[in-house]
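Examining the three-dimensional arrangement
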Amino acid sequence: MKSPKWLDRLLYPFAPHTYEVSGGTMHYVDEGTGAPIVFVHGTPTWSFLWRQQIKALSRNFRCIAPDHLGFGLSEKPADFSYTPEAHADNLEQLIEHLQLKNITLVVHDFGGPIGLRYALRHPENVKNLVILNTWMWSLEEEAKIMKISRFMAGGIGRFLYLQLGFSANVLLPQGYHEGKHLTKDIKLHYQKPLSSASRRMGTWVFARALHESNPYFSELWQQRDKLKSINKLFLWGEKDKLLPVHFLDKWQQEFPEAKTIRYKAGHLVQEERGGEVADAVRDFVTAT
């Protein structure tokens, strides 16, 4: 595929790969050789989010990072559902297509309920889980999140997301604890893939999914015991303004055997603590 002119190859020096999934053409990064590490992003991000970790870890591991349909360099079809379930289907198709074995799954934000479904369905093929600022349960009890999500599902929310690019223009900066990490160039790489209303449907569906997909989230959580046998590492930005810190408490209570590293960082911990996150993943995978 041809790279867009705005893509800075110094920031993102990865060869493009594509795969036809249900709904359209998915772009993904596939760098390095060795044990596979699969990185799963949320919203409004894409594989660009993982660039620091991929650069460091691809020296010793095979790093795969897809862009969900509607995000990054993947297609943004008008007739795709963009639900977490649909993205989870596509991720599973890609992993099977690449014939990845004994993978390390690294998930963040909506990448949690997308990527962790693969681990629940195929725990025998997931050796390690690295979990960053995400969830895998119904959010019905989170009153603030539910109120915002239901508001965003309406006409005003649709306008904010599709016409004004609310996700990349307003929410993205909130993902940082220290704004200095969101440089003009980096912000550009998150805004450009979502540069028009027709390219922003995926972000709006995710805003609605915070309440609309609660049955799906709940179904995942009911199967959580299937993750007990998988090595787990929690890497958490404890200055997260988008997800409450008690989400980490819930993970830890359920999986007390897992190692946890906290960072003085926001929701986008892999942006603010890029090298440290890469080192933590390398040490964890090497040890296991």
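With an unreviewed UniProt entry as reference, the chain is termed Haloalkane dehalogenase, source organism Pontibacter mucosus.

In this section: the overall build of the chain. Secondary structure summary: the chain contains twelve helices and eight strands in total. By the compact-globule yardstick of 19 Å for 288 residues, the chain fits well, its C-alpha radius of gyration being 17 Å. Taken over the C-alpha atoms alone, the chain extends approximately 50 × 45 × 40 Å along its principal axes. For the chain, the residues scored as buried account for 58% of the 288 residues in total. Taking the intrachain contacts of the chain between residues at least 6 apart in sequence as the baseline, contacts between residues at least 24 apart amount to 76%. Accessible surface, the chain: about 11,800 Å² in total, of which carbon and sulfur atoms supply 50%.

UniProt records the feature "domain: AB hydrolase-1" (unreviewed entry) for residues 36-272 in the present numbering. Between the C-alpha atoms that bound residues 36-272 there is a distance of 24 Å. The span itself is 43% helix and 16% strand.

Looking now at the nonpolar core. If you look at the biggest cluster of nonpolar residues, it comprises 54 residues, and the most contacted ones within it are Leu 105, Leu 129, Trp 135, Leu 139 and Trp 251. The residues contacting Trp 135, other than those within four sequence positions of it, are Asp 109, Phe 110, Gly 112, Pro 113, Leu 210, Phe 217, Leu 243, Phe 247 and Trp 251. Among the nonpolar cores identified, the runner-up in size contains 35 residues, and Tyr 12, Phe 48, Leu 49 and Phe 61 belong to it.

Running from N to C, helix H4 (residues 143-152) and helix H8 (residues 201-212) cross one another at 135°; their axes reach a closest spacing of 8 Å. Looking at the two axes, H4 sits oblique to H8. The handedness of the crossing between H4 and H8 comes out as left-handed. Contacts between H4 and H8 involve Ile 145, Met 146, Ser 149, Arg 150 and Met 152 on the former and, on the latter, Trp 204, Ala 207, Arg 208, Leu 210 and His 211.

We now examine helix H10 (residues 246-254). Turning to H10, its buried residues are Phe 247, Leu 248, Trp 251 and Glu 254. Looking down the long axis of H10, one finds its buried residues gathered within 130° of arc, a one-sided arrangement. Considering only its buried residues, H10 is in contact with helix H3 (111-121), strand S6 (126-134), H4, helix H9 (214-222), strand S7 (231-237) and strand S8 (259-263).

This next bit is on the side chain of Asp 240. When you line up the elements, Asp 240 lands in the loop between S7 and H10. No salt bridge is formed by the buried Asp 240. Its closest oppositely charged neighbour is Lys 241, at 8.9 Å. Within the local environment of Asp 240, its side chain forms a polar contact with the side chain of His 267, the two groups lying 2.7 Å apart. Apart from residues lying up to four places away in sequence, Asp 240 is in contact with Asn 133, Ala 265, Gly 266 and His 267.

Quick look at the pattern of salt bridges now. For the coordinates displayed, the defined rule picks out 13 salt bridges. Measuring nitrogen to oxygen at the nearest pair gives 3.0 Å for the salt bridge that ties Glu 92 to Arg 121. Of this pair, Glu 92 sits in helix H2 (residues 84-98) while Arg 121 sits in helix H3, and the two are 29 residues apart along the sequence. In this structure Glu 92 comes out as buried when scored by relative accessible area, which is 10%. Of the residues examined, Arg 121 reaches a relative accessible area of 46% and is grouped as partly exposed. A salt bridge links Glu 212 to Arg 208; the shortest N-O distance between them is 3.5 Å. On the criterion of helical spacing, the pair formed by Glu 212 and Arg 208 is a turn pair, its members being four residues apart in helix H8. Taking the relative accessible area as the measure of exposure, Glu 212 reaches 42% and is therefore partly exposed. You can call Arg 208 buried: its relative accessible area is 18%. What emerges from the salt-bridge pattern is a single network uniting Asp 89, Glu 92, Arg 117 and Arg 121.

Rules of the game
- Residues numbered from 1 in each chain as written.
- Predicted model: local features only at pLDDT ≥ 70, side-chain atom pairs only at ≥ 80, totals over all residues.
- Heavy atoms only, no water.
- Helix = DSSP H or I, 4+ residues; strand = E, 2+ residues; numbered from the N terminus.
- Rg over C-alpha atoms; globule rule 2.2 N^0.38 Å.
- Buried < 20%, exposed > 50% of the residue type's maximum accessible area, 1.4 Å probe, protein only.
- Contact = heavy atoms within 4.5 Å.
- Areas by Shrake-Rupley, 256 points an atom, 1.4 Å probe, with all protein chains shown as cover.
- UniProt positions renumbered as here; feature names shortened; annotations may be inferred.
- Core = buried A, V, L, I, M, F, W, Y, C linked by side-chain atoms within 4.5 Å.
- Axes fitted to C-alpha atoms, helices over the stretch in contact; angles between N-to-C directions.
- Parallel < 35°, antiparallel > 145°, perpendicular 65-115°, else oblique.
- Left-handed = near helix turned anticlockwise from the far one by under 90°.
- Arc of directions from axis to C-beta.
- Lys, Arg positive; Asp, Glu negative; His and termini not counted.
- Salt bridge = Lys/Arg side-chain N within 4 Å of Asp/Glu carboxyl O.
- Polar contact = N/O pair within 3.5 Å; in protein donor to acceptor, adjacent residues only side chain to side chain.

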